[in-house]
Amino acid sequence: MNSQSITGMSSRPVAALAMLLLIAGGAGTARAEAAGCSGDNGGITLPPGFCARVFADQLGHVRHMVVAPNGVLYANTWSGRYYRNDTPPAGGFVIALQITANDGKANKIVRFGPTRADGNAGGTGIAIYKNHLYVETNDRIVRYALPTDGIVPATTTETVVSGLPLTGDHPMHPFKIDAQGNLYVDLGSATNSCQSENRMPNVPGLTPCAELETRAGTWRYDANKLNQRFSPAERFSTGLRNGEGFGIDSAGRVFATQHGRDQLAENFPRLYQPAQGANEPAEELVQLRQGADFGWPECYYDYDQKRLVLAPEYGGDGGKAVGICAQKQAPVAAFPAHWAPNDLLIYEGKQFPSAYKDGAFIAFHGSWNRAPSPQGGYNVVFQPLHDGKASGPFVVFADGFAGAVKEPGRAAHRPTGLAVAPDGSMYISDDRHGRIWRVTFSGGSNVAGIMAAVPVPSASAASPNVTPPEGIHPAAGLPIPPGGSSDRVALGARIFHGQEGGGTCSGCHSSDGKGSSVGSDLTSGKYLWGDGSVEAIMHTIENGVPKAKEHTGAMPPKGGANLTQGEVAAVADYVWALGHRTSQ
């Protein structure tokens, strides 16, 4: 993370001011006052001169957003398997939000479009083009005519594209429409690295990777044309494992983000140490061009070496060999591993200082698979660009979304979408608890350069009395399985949390065991792969879960860690204890 502004001004005085204010009056007040704002910025931190307030809250899983010329904000929301098939708020998955008072909040919120009762699960992508609102819904992109009166479009829709794939690891279809009506759609990969057994150890990649015909790239359609059908023929660029964010600069250049692949160390422990798996590969910002190949699945971008290298599934040797990757397209900019760039906004507004013009804001959803290392992301960064190229290091523009715990299952909020309003203010969405922030600038001409957000105090400094959910002792308060012991449950807890044996369990299942979008809730007492006995749990751990029944993740045998039989037994005891705690 860069600790200085692009203009060379150190952020240390800002950090010092933040700490003094924390001591004097609490974290929320410090965050807001350090930025020159009233209130607490909705719980997040921003650079000096910027303010945030909660625009709306508890909206469901808010994904991408767009603002109409009249200032009405439209947001797409999503449910389904990615969110454990939970119950969405009543009404349609698309939301119209409008400010009708002077308090800066959405005073009018209306849901419309198809509902869960219609067999719908919503979507991510949303855009405005030629007086129409374009929305991803299930396997298609539809459009509504924008209303001439009120904020909700008529219920009649027209189908623009249908038949988009919904299977595999990345079933979302974010999109962007340029001034000429080119409709760019992301179709993420169905697998992590095109193995015949997804996310399993030492399994080579398929050659050729047939997935590339229909996935892992950007497709281009015509936003002016109705009833188009998905096919391989519309593929615009390839080799993008999951390119959720799109942005277009003032020169018409189209950019996208790239979610780097997972599980280098877990799936190829002979080639990678756990720290390498946590810190590689980089997340990317790329410029899209007709026919460009960004390397997936054969290649990944090494953050430290700043080059594309061969993936282990395709003959890679742990990050040294380059081979065919020398012919692939390198990114415009790179970011730390597994932060998960979920949206991209090239800023063309006039409210923020001119240094932000044509630069890229990126919403990082936050990592799950840096375990046993600390998770990262859960922020919004700004990457300065000039003439389509990186013109300096990125800075963390907004932070503090996760709250005390940076984990997908326990984070307070996870940044997901970005949108700019006609007045140049910026919206940030969260798909964890459905919050939207509105960020404004009021710093004046004395704040002209690019600076980082006020640092967020570490969890240990802000919450010195935080303890594990099961108590100070890893086995405290947990039942002991038949034939087990408290010492073995405690050993299983340490492995689960990555304190011994290189365990990675908490990455998917969260440190409290309550799961995330990629791993099941181990505290619920619900078992999908056995009868819940220690023996059945051991069998699942040893063999892994190549195809999850209710989640998007796949678990390699032993979670990808090199566990002994005794360590597997200890983890099984701990998982059993988590599932039986409430019954005791």
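This text goes with the structure placed above it.
Residues numbered from 1 in each chain as written. Predicted model: local features only at pLDDT ≥ 70, side-chain atom pairs only at ≥ 80, totals over all residues. Heavy atoms only, no water.

## Digging into the sheet that holds strand β27 (residues 415-420)
This is how the line gets drawn: At least two bridges found by DSSP between two strands is the condition for calling them paired. Counting from the N terminus, the helices are DSSP H or I runs at least four residues long and the strands are E runs at least two residues long. Axis angles are defined between N-to-C directions and span 0 to 180 degrees, where every axis is a line fitted to C-alpha atoms and, for a helix, only to the segment in contact.
Pairing is antiparallel in the open sheet, where 4 strands are placed in the order β1-β29-β28-β27. The sheet is open, and its two borders are formed by β1 (50-56) and β27, each paired with just one other strand. Taken over all neighbouring pairs, the strand axes of this sheet differ in orientation by 25° on average, direction set aside. Summarising the sheet, strand β28 (residues 426-430) and strand β29 (residues 436-441) pair through 4 bridges and their orientation is antiparallel. Along β29, the bridge assignment pairs I428 with W437.

## Concerning the packing of helix α6 (residues 486-496) against helix α9 (residues 565-580)
Heads up, the condition is: Should an angle lie under 35 degrees it is considered roughly parallel, over 145 roughly antiparallel, and from 65 to 115 roughly perpendicular; all remaining angles are considered oblique. Should any heavy atoms of two residues lie within 4.5 Å, those residues are counted as being in contact. Amino acids outside the nonpolar list (Ala, Val, Leu, Ile, Met, Phe, Trp, Tyr, Cys, Pro) and the charged list (Asp, Glu, Lys, Arg) are all regarded as polar, and Gly is one of them.
The interhelical angle for the contact between α6 and α9, taken along N-to-C directions, is 95°, at an axis separation of 7 Å. The orientation of α6 with respect to α9, classified from their angle, is roughly perpendicular. Counting all contacts with α6, which are made through R488, V489, L491, G492, A493, I495 and F496, the residues of α9 involved are E567, A569, A570, V571, D573, Y574 and A577. Among the residues forming the contact of α6 with α9, the class breakdown is 10 nonpolar, 1 polar and 3 charged.

## What about the sheet that holds strand β10 (residues 175-177)?
The 4 strands lie next to each other as β10-β11-β12-β14, forming an open sheet whose pairing is antiparallel. Sheet topology places β10 and β14 (235-238) at the edges, where each strand pairs with a single neighbour. The sheet shows a mean angle of 20° between the axes of neighbouring strands, taken without regard to direction. Examined bridge by bridge, β10 and strand β11 (residues 182-187) share 3 bridges and lie antiparallel to one another. Residue I177 lies in a different strand from β11, and its bridge partner there is L183.

## Focus on the pairing of strand β3 (residues 73-77)
This is how it is decided: Relative accessibility thresholds used throughout: buried, under 20% of the residue-type maximum; exposed, over 50%; partly exposed, between the two (1.4 Å probe, protein chains only).
Burial within β3 is extensive, with 5 of its 5 residues counted as buried. Of the two faces of β3, the one holding L73, A75 and T77 and the one holding Y74 and N76 are both buried throughout. Where strand β2 (residues 62-67) meets β3, 4 bridges bridge the pair, whose relative direction is antiparallel. Within the sheet, the bridge partner assigned to V67 lies in β3 and is L73. Where β3 lies against strand β4 (residues 94-98), 4 bridges are found, and the strand directions are antiparallel. By the bridge assignment for β4, L73 is matched with L97.

## Quick notes on the packing of aromatic side chains
For clarity, the threshold we go by: Aromatic pairs are defined between Phe, Tyr and Trp rings, using the six-membered ring for Trp, whenever the two ring centres lie within 6.5 Å; interplanar angles under 30 degrees are classed as stacked, those over 60 as edge-to-face, and all others as tilted.
Taken as a whole and judged by the stated rule, the model has 29 aromatic pairs. When the centroid spacing of 5.7 Å and the interplanar angle of 75° are considered together, the rings of F50 and Y356 count as edge-to-face. A residue pair is termed long-range when its members are at least 10 positions apart, and F50 in strand β1 and Y356 in the loop between β21 (341-346) and β22 (360-364) qualify at 306 residues. In this structure, F50 and Y356 share a single accessibility class: buried. Overall, Y356 belongs to the buried group, its relative accessible area being 1%.

## With respect to helix α8 (residues 534-543)
Buried within α8 we find V534, A536, I537, M538, T540 and I541. Where the residues of α8 are buried, they touch α9. Positive backbone phi, approximately 75°, marks G544, located one or two places after α8.

## Looking at the environment of G525
By secondary structure assignment, the location of G525 is in the loop between α7 (505-509) and α8. Residue G525 is classed as partly exposed on the basis of its relative accessible area of 38%. When the C-alpha positions of G525 and V575 are compared, they lie 9.9 Å apart, and in sequence the two are 50 residues distant.

## Brief notes about the side chain of R199
The criterion, for reference: Pairing of N or O atoms within 3.5 Å defines a polar contact, subject to two protein rules: one partner must be a possible hydrogen donor and the other a possible acceptor, and residues neighboring in sequence count only if both atoms are side-chain atoms.
Position of R199 among the secondary structure elements: in the loop between β11 and β12 (217-222). Overall, the relative accessible area of 4% leaves R199 in the buried class. A distance of 2.8 Å separates a polar atom in the side chain of R199 from a polar atom in the side chain of Q263.

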